[in-house]
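The primary structure of each chain is shown beneath.
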Amino acid sequence: MIEKIIRLEAVSPVDFLGRENKNLSEVAACFPSAKIILDGNEIKVQGSTQAVNKIHDILQKLLAHYP
């Protein structure tokens, strides 16, 4: 099991994650074996190396397109 942390520094966590964290919930639903924890402006992703790397990549790409 590994952990990666994504910091939401340049974006509003509320805007990025959506109402009631819906955007994050949709990503989490695709990876049921991984654990995604929201802590303030940090997203912690825990799980297998493959799942964590995929989730990290998805969130980084979403952040790159966020206005």
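Residues numbered from 1 in each chain as written. Predicted model: local features only at pLDDT ≥ 70, side-chain atom pairs only at ≥ 80, totals over all residues. Heavy atoms only, no water.

Peer 1: Could you give an account of the environment of Arg-7, naming the residues involved and the relevant values?
Peer 2: Counting through the fold element by element, Arg-7 comes out in strand β1 (residues 2–7). Among residues more than four places away in sequence, those in contact with Arg-7 are Asn-41 and Glu-42. Of note is the side chain of Arg-7, whose polar atom sits 3.2 Å from the side chain of Glu-42. (Helix = DSSP H or I, 4+ residues; strand = E, 2+ residues; numbered from the N terminus. Contact = heavy atoms within 4.5 Å. Polar contact = N/O pair within 3.5 Å; in protein donor to acceptor, adjacent residues only side chain to side chain.)

Peer 1: Just give me the short version of the sheet that holds β1, but keep the residues and values in it.
Peer 2: In spatial order, the strands read β1-β3-β2; together these 3 strands make up an open sheet with antiparallel pairing. Only two strands of the sheet have a single partner each, and these edge strands are β1 and β2 (35–39). Ignoring which end each strand starts from, the neighbouring axes of this sheet average 20° apart. The sheet contact formed by β2 and strand β3 (residues 42–47) spans 5 bridges and is antiparallel. Considered in β3, the bridge of Lys-35 is made with Gln-46. Those strands touched by helix α3 (residues 49–65) are β1, β2 and β3, and its axis lies near 10° from that of β1. (Pairing = 2+ DSSP bridges. Axes fitted to C-alpha atoms, helices over the stretch in contact; angles between N-to-C directions.)

Peer 1: Tell me what's going on with empty space enclosed by the protein, and back it up with residues and numbers.
Peer 2: With the rule as written, the count across this model stands at 1 cavity of 30 Å³ or more. As for the largest cavity, its lining consists of Phe-16, Leu-17, Asn-23, Leu-24, Val-27, Leu-59 and Leu-62. For the lining of the largest cavity, the secondary-structure elements that each account for two or more residues are α1 (13–17), α2 (22–30) and α3. Top element by residues in the lining of the largest cavity is α2. It accounts for 3 residues. When grouped by side-chain class, the residues that make up the lining of the largest cavity number 6 nonpolar, 1 polar and no charged. (1 Å grid on protein atoms, 1.4 Å probe; cavity = no way out; pocket = protein on both sides within 12 Å on 5 of 7 lines; lining within 4 Å. Points joined across faces, edges and corners; volume = space filled by probe spheres on them. Nonpolar A, V, L, I, M, F, W, Y, C, P; charged D, E, K, R; others polar.)

Peer 1: Now, about the nonpolar core: what can you tell me, with residues and values included?
Peer 2: For soluble globular proteins, nonpolar side chains are generally found buried alongside one another. With 17 residues, the main nonpolar core has Leu-8, Ile-36, Ile-43, Ile-55 and Leu-59 as its most contacted residues. Contributions of two or more residues to this core are made by α1, α2, β3 and α3. The contact partners of Leu-8, leaving out residues within four places of it in the chain, are Pro-13, Phe-16, Leu-17, Asn-41, Ile-43 and Leu-63. (Core = buried A, V, L, I, M, F, W, Y, C linked by side-chain atoms within 4.5 Å. Buried < 20%, exposed > 50% of the residue type's maximum accessible area, 1.4 Å probe, protein only.)

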